[in-house]
Amino acid sequence: MRTLGLDELSALLERSPAMVQLRHRLSLVFLPEEVQTFDTVEELIAALDSPNPQPELPAIALSVDDRFIHRLPAVRCDHDPFTSDLNRILLPKIEQVQKMVLCQSQVPDWIVQNAAGDCVILFLVDGLGLSDWKRFGKSELFCEPCFVDGLTVTSQGMKRIVGEPTVAVRLAEKGYERSFGFSYWEREEEQLTDQIFFGVTEGVTKVRSFDEALEALDKLPLEGSFVLIVREGLDQLCHRYRDQPDVEATVQQLGDEFLALAQRVQERGISATLFLTADHGILWRHEHNLRLYEAGSSNVPPRYYEGLVSGNLLWRVNFLGNDYSLLTYPFIRRQLKSTEWGVHGGLSFEESFVPLAKLTVP
């Protein structure tokens with residue numbers, strides 16, 4: 001089976017319908033809007049063989065069926081839709097994007113449905129984008145791309161991930177009745193911390209390092225338990241940081257810690273499902289040519305507005321009854337300070353896509 005790039009696939013579809021294997025369904029948003037999509041080859045063949053007049057539009061089946069090789073070309077497309085190139089079409093194709101990928105507001109359901117084994121662990125990171133994970137994360141850890149379907153800030157992203165009722169409460173109903181919380185997350189927002197850990201039965205332990213968390217875990221009865229660990233990620237590096245942050249080292253450390261959690265559980269002979277995800281990603285100033293949208297004051301959020309603001313470069317969302325308007329890539333509301341190495345809050349591939357990893361032990 002031939003392997004084509006996206007432009008080659010578009011050219012092929014101009015000549016003939018085709019059976020195509022895509023790396024991810026999201027590649028469809030990069031194809032011309034007139035391309036008709038069929039989930040199965042049988043559906044495409046039925047449309048082609050219909051006695052009714054058919055519009056002469058490009059058509060694609062998102063599978064390959066050897067029974068129809070004699071009728072349709074079968075190809076593989078190696079296009080990766082999860083790159084900065086997505087910024088070109090993210091706002092105009094936002095509805096299609098939300099239908100084609102797992103959204104952050106669906107993560108609580110996804111975790112509860114996939115939870116299995118003696119123990120469930122959620123490793124929740126403050127600031128880790130899919131773009132940085134793809135560059136510096138653990139290649140052996142498969143990650144589901146997850147779209148942050150709202151404001152890309154910590155207070156909202158964390159709440160979307162734990163859900164309402166929280167994952168801790170829902171897992172208790174599934175049999176994980178005992179739950180433990182760990183935080184090495186220096187935030188003044190105690191109310192947010194209380195909301196994230198709501199339903200955790202054995203309280204929250206503040207630790208200063210990952211090793212300290214591992215030592216504490218070793219002493220806990222993990223069978224029939226849920227463990228929630230909230231950890232600082234890249235968010236701490238993009239605000240008020242004097243020197244250029246070492247993004248690579250931080251991402252690699254996050255991956256090492258997640259694997260170390262799995263190893264420690266396995267050494268105890270406990271079966272478990274471990275999840276890793278983040279509230280939002282970071283749009284790094286030194287990697288992108290950010291453009292000034294307006295000359296706002298120095299204390300306004302650089303990537304979004306509170307309330308509904310008109311403009312064709314804004315994505316308007318609502319969260320818990322409050323409206324927000326997110327700037328698209330690459331615009332900012334104000335000049336950044338010298339200590340601001342990155343921004344978040346807006347709509348971009350870098351901010352709005354985070355990794356969602358699942359690891360089972362054994």
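A. Highlighting the pattern of salt bridges. In the structure shown here, the tally under the stated rule is 17 salt bridges. For Asp 39, the salt bridge goes to Arg 25, with nearest N and O atoms at 3.0 Å. Note that Asp 39 is positioned in the loop between β3 (36–38) and α2 (41–48) and Arg 25 in the loop between β2 (18–22) and β3, a separation of 14 residues in sequence. With its nearest N and O atoms 2.6 Å apart, the salt bridge here joins Arg 88 to Asp 85.

B. Expanded view of the packing of aromatic side chains. Tallied over the full model, the rule gives eight aromatic pairs. An angle of 40 degrees between the planes, with centres 5.9 Å apart, marks the rings of Phe 147 and Trp 315 as tilted. In this pair, Phe 147 sits in strand β8 (residues 143–147) while Trp 315 sits in strand β16 (residues 314–319), placing the two residues 168 residues apart along the sequence. Judged by its relative accessible area of 0%, Phe 147 falls in the buried class. We classify Trp 315 as buried; its relative accessible area is 11%. Relative to Phe 353, the ring of Phe 147 lies with its centre 5.3 Å away and its plane at 50 degrees, an arrangement referred to as tilted. Of this pair, Phe 147 sits in strand β8 while Phe 353 sits in strand β20 (residues 353–361), placing them 206 residues apart in sequence. For the residue pair Phe 147 and Phe 353, the accessibility class agrees, reading buried in each case. Above the ring of Trp 341, the side-chain terminus of Arg 285 is found at 4.7 Å from the ring centroid.

C. Looking closely at the sheet that holds strand β15 (residues 304–306). Read across the open sheet, the three strands follow the order β15-β17-β16; overall the sheet is antiparallel. A single partner strand is all that each edge strand has here, and the edge strands are β15 and β16. When the angles between neighbouring strand axes are averaged without regard to direction, this sheet yields 25 degrees. In terms of strand pairing, β15 meets strand β17 (residues 322–327) through three bridges, oriented antiparallel. Residue pairing in the sheet places Tyr 304 in a bridge with Leu 326 of β17.

D. Examining α2 more closely. For α2, the full list of buried residues reads Val 41, Leu 44 and Ile 45. All buried residues of α2 lie within an arc of 100 degrees about the axis, which places them on one face of the element. Of the surrounding elements, those touching the buried residues of α2 are β2, β3 and β4 (59–61).

E. Layout of helix α11 (residues 247–267). The end-to-end C-alpha distance of α11 is 30 Å, a good match for the 30 Å that 21 residues give at a rise of 1.5 Å each. When α11 is considered as a whole, its buried residues turn out to be Val 247, Thr 250, Val 251, Leu 254, Gly 255, Glu 257, Phe 258, Leu 261, Ala 262 and Val 265. Along α11, the residues classed as buried sweep out an arc of 150 degrees about the axis, all on the same side.

F. Spotlight on the side chain of His 344. Topologically, His 344 is positioned in the loop between β19 (342–343) and α12 (349–352). A distance of 3.0 Å separates the side chain of His 344 from the side chain of Asp 235, its partner in a polar contact. A polar contact is formed between the side chain of His 344 and the side chain of His 239, at a distance of 3.1 Å. Not counting chain neighbours up to four residues away, the residues in contact with His 344 comprise Thr 152, Val 153, Thr 154, Asp 235, Cys 238, His 239, His 280, Gly 281, Ile 282, Arg 303 and Glu 351.

G. Quick look at the pairing of strand β11 (residues 225–232). Counting buried residues in β11 gives eight out of eight residues, a clear majority hidden from the surface. Taking every second residue as pointing to the same face, both faces of β11 are buried, with Ser 225, Val 227, Ile 229 and Arg 231 on one and Phe 226, Leu 228, Val 230 and Glu 232 on the other. Two elements, strand β7 (residues 119–126) and β11, share eight bridges in a ladder whose sense is parallel. Within β11, the position partnered with Asp 126 by the bridge is Glu 232. Of the strand pairs in this sheet, strand β9 (residues 178–184) and β11 are connected by seven bridges, and their pairing is parallel. Each residue of the ladder has a partner; that of Ser 183, found in β11, is Val 230.

H. Up close: the side chain of Thr 273. Its place among the elements puts Thr 273 in strand β12 (residues 272–278). Not counting residues within four places of it along the chain, the set of residues in contact with Thr 273 comprises Asn 114, Ala 115, Ala 116, Cys 119, Val 120, Ile 121, Lys 358, Leu 359 and Thr 360.

I. Focus on the packing of helix α9 (residues 210–218) against α11. Viewed as axis vectors pointing N to C, α9 and α11 meet at an angle of 15 degrees, and their least axial separation amounts to 11 Å. In terms of their interaxial angle, α9 and α11 are classed as roughly parallel. Where α9 crosses over α11, the handedness of that crossing is right-handed. Along its contact with α9, which presents Phe 210, Leu 214, Leu 217 and Asp 218, the element α11 presents Glu 257, Ala 260, Leu 261 and Arg 264. Class assignment of the residues belonging to the contact of α9 with α11 gives a composition of five nonpolar, no polar and three charged.

Criteria and cut-off values
- Residues numbered from 1 in each chain as written.
- Predicted model: local features only at pLDDT ≥ 70, side-chain atom pairs only at ≥ 80, totals over all residues.
- Heavy atoms only, no water.
- Salt bridge = Lys/Arg side-chain N within 4 Å of Asp/Glu carboxyl O.
- Helix = DSSP H or I, 4+ residues; strand = E, 2+ residues; numbered from the N terminus.
- Phe/Tyr/Trp six-rings, centres within 6.5 Å; stacked < 30°, edge-to-face > 60°.
- Buried < 20%, exposed > 50% of the residue type's maximum accessible area, 1.4 Å probe, protein only.
- Lys NZ or Arg CZ within 6 Å of the ring centre and 35° of its normal.
- Pairing = 2+ DSSP bridges.
- Axes fitted to C-alpha atoms, helices over the stretch in contact; angles between N-to-C directions.
- Arc of directions from axis to C-beta.
- Contact = heavy atoms within 4.5 Å.
- Expected span 1.5 Å × (residues − 1).
- Polar contact = N/O pair within 3.5 Å; in protein donor to acceptor, adjacent residues only side chain to side chain.
- Parallel < 35°, antiparallel > 145°, perpendicular 65-115°, else oblique.
- Left-handed = near helix turned anticlockwise from the far one by under 90°.
- Nonpolar A, V, L, I, M, F, W, Y, C, P; charged D, E, K, R; others polar.

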